[in-house]
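A look at the structure
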Amino acid sequence: MNVVKRNLIYTTLLGSTVAMLAPVHAAEGWLTDLPSAMRKAEVEKKLILIDFTGSDWCSACINLRRNVLDNPDFRAYANAHFVLMEVDLPRRKSFDPALRARNEAIAARYGVAAYPTIMVLSPQGRVLGGFQEGDKTVKEAIASLDNACMVDALFRKAAMQSGVARAKTLYEAYLLYPDSKGFAVFNESLRNEIMECDPENVTGIHDAAAVIEQARLFLNQRERHAFNSPELGKLLEQQLSVALPANRPSVMLARCQYSMTTAETVEDIAATRRMFEELIPLLPEGQAAEIRHYTDTYFRDPAELLRMLKASRPR
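Presented here is an overview of the structure given in this document.

Parameters at a glance
Residues numbered from 1 in each chain as written. Predicted model: local features only at pLDDT ≥ 70, side-chain atom pairs only at ≥ 80, totals over all residues. Heavy atoms only, no water. Core = buried A, V, L, I, M, F, W, Y, C linked by side-chain atoms within 4.5 Å. Buried < 20%, exposed > 50% of the residue type's maximum accessible area, 1.4 Å probe, protein only. Helix = DSSP H or I, 4+ residues; strand = E, 2+ residues; numbered from the N terminus. Contact = heavy atoms within 4.5 Å. Phe/Tyr/Trp six-rings, centres within 6.5 Å; stacked < 30°, edge-to-face > 60°. Lys NZ or Arg CZ within 6 Å of the ring centre and 35° of its normal. Expected span 1.5 Å × (residues − 1). Arc of directions from axis to C-beta. Polar contact = N/O pair within 3.5 Å; in protein donor to acceptor, adjacent residues only side chain to side chain. Salt bridge = Lys/Arg side-chain N within 4 Å of Asp/Glu carboxyl O. Axes fitted to C-alpha atoms, helices over the stretch in contact; angles between N-to-C directions. Parallel < 35°, antiparallel > 145°, perpendicular 65-115°, else oblique. Nonpolar A, V, L, I, M, F, W, Y, C, P; charged D, E, K, R; others polar.

A closer look at the nonpolar core
Soluble, globular proteins show a tendency: their nonpolar side chains are buried together. If you look at the biggest cluster of nonpolar residues, it comprises 54 residues, and the most contacted ones within it are Phe74, Phe82, Tyr110, Met119 and Leu145. For this core, the element with the most residues is helix H6 (residues 138-158), which contributes nine residues. When near neighbours in sequence (up to four residues on either side) are disregarded, Phe74 contacts Leu49, Val68, Leu69, Val138, Ala141, Ile142 and Leu145. Core analysis: the second largest hydrophobic core is formed by 20 residues, Phe218, Leu240, Val251 and Leu283 among them.

Here it is in structure tokens:
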């Protein structure tokens, strides 16, 4: 074997060995191996904070990294409470295929389909909370993660309880749990766990489950009809007649939207405005103010609004 070839083989083997032995990191201080993160969290008595990101294509991920995750105040807070881990799914072809496969498996395991997703896990891998918004401030991000830490404390407390006492503690955790779409499966699992502990509905969790099931049913029913069909209009009126109080605002908003979609006369526009007026008192303050501003702005001239609506409809 000539010297050049021998040196090339030696260099290649050495490089491969170093790559295998060296810990793999993403951004400084962020691990990329979940079992290692779990072991480290167990030893250090911390939780795991995972950043699910698309580092070279997801603008919201890039902004979150720049504005929050790399912020010195956030890093000081995060390092005190969490083992940091990055699950990156970039689009560049040079990204390590083995790491990509591991990251895809982790994302699939936790049902992550939206980026960025920040997820907090216990050392054993239970989802405790997090958020999916890329435009959070440092203060808002820390508040969400504080909730996850409180959920962890409540889960550990519940582990030493049974029956209604356990249900009440888990219900406290449920109220702190994120309700965004990316956490829906874990939210539902927690809700079912509480219901099993609380057959008498002391916590009110069965009522909450009924609201969620009805909202899901209503949405599925509406998706079967064209957005401007007479059948949808009849369905919305029927849903409104049986809606639980917590579901009335969403049905009323859908009815307002349908009414605007199908309005043919100025009188229809006036009726739609009355629907909005009924809805506004039932909404949270911020959303109510937004709808109020909308109605004050666009319903000022009913004839012009009708013209705009008709012009925007598919022909």
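Brief notes about the packing of aromatic side chains
Following the criterion strictly, the structure yields nine aromatic pairs and no others. Here the aromatic rings of Trp57 and Tyr115 are separated by 6.0 Å at their centres, their planes lie at 70°, and the arrangement is edge-to-face. In this pair, Trp57 sits in the loop between strand S1 (47-53) and helix H3 (59-69) while Tyr115 sits in the loop between helix H5 (97-109) and strand S3 (117-121), placing the two residues 58 residues apart along the sequence. Using a relative accessible area of 32% as the deciding quantity, one classes Trp57 as partly exposed. Ring centres of Phe276 and Phe299 lie 5.8 Å apart, and the angle between their planes is 70°; this geometry places the pair in the edge-to-face category. With Phe276 in helix H12 (residues 266-279) and Phe299 in the loop between helix H13 (285-298) and helix H14 (302-312), this pair connects stretches of sequence that are 23 residues apart. The exposure class assigned to Phe276 is buried, which follows from its relative accessible area of 4%. Its guanidinium or amino end placed over the ring of Trp30, Arg65 lies 4.5 Å from that ring's centre, counting from NZ or CZ. Note that Lys136 overlies the ring of Phe131, its terminal NZ or CZ placed 5.3 Å from the centroid.

Describing unusual backbone geometry
A cis amide bond links Tyr115 with the next residue in sequence, Pro116, at an omega value of 0°. When you line up the elements, Pro116 lands in the loop between H5 and S3. One non-glycine residue, Lys45, lies in the positive phi region at around 55°. Within the secondary structure layout, Lys45 lies in the loop between helix H2 (34-44) and S1. With phi around 60°, Asn201 is a residue other than glycine that occupies positive phi space. Tracing the backbone shows Asn201 in the loop between helix H8 (184-197) and helix H9 (205-222). Taking relative accessible area as the criterion, Asn201 reaches 23% and is therefore assigned partly exposed.

Regarding H5
The first and last C-alpha atoms of H5 sit 18 Å apart over 13 residues, in line with the 18 Å expected at 1.5 Å per residue. The set of residues buried in H5 consists of Leu99, Arg100, Asn103, Ile106 and Ala107. All buried residues of H5 lie within an arc of 125° about the axis, which places them on one face of the element. Exposed residues on H5 whose side chains face more than 90 degrees from its buried face are Pro97, Ala108 and Arg109. Those residues of H5 that are buried lie in contact with H2, S1 and strand S2 (82-88). A distance of 3.3 Å separates the backbone nitrogen of Ala98 from a side-chain oxygen at the start of H5, and that oxygen is part of Asp96.

What to know about the pattern of salt bridges
Should their charged atoms come close, side chains of opposite charge can pair. Considering all chains together, one arrives at 19 salt bridges under this definition. Its salt-bridge partner being Lys40, residue Glu44 comes within 2.7 Å of it at the nearest N-O pair. Placement of both Glu44 and Lys40 in helix H2 is noted, with a separation of four residues, approximately one turn of the helix. Lys40 sits in the partly exposed class, given a relative accessible area of 36%. Across the pair Arg166 and Glu193 runs a salt bridge, and its minimum N-O distance is 2.6 Å. Highlighted residues: Arg166 in helix H7 (residues 163-176) and Glu193 in helix H8, separated in sequence by 27 residues. No difference in accessibility class separates Arg166 from Glu193, as the two residues are buried. One salt-bridge network, in which partners are shared between bridges, spans Asp51, Arg65, Asp70 and Glu86.

Quick look at the packing of H6 against H7
Look at H6 against H7: their axes get within 9 Å of each other, and the N-to-C directions meet at 170°. The angle between the axes of H6 and H7 places the two elements in the roughly antiparallel class. For the pair H6 and H7, contact is made by Asn147, Met150, Val151, Leu154, Phe155, Lys157 and Ala158 and by Arg166, Thr169, Leu170, Glu172, Ala173 and Leu176, respectively. Of the residues assigned to the contact of H6 with H7, the class counts are eight nonpolar, two polar and three charged.

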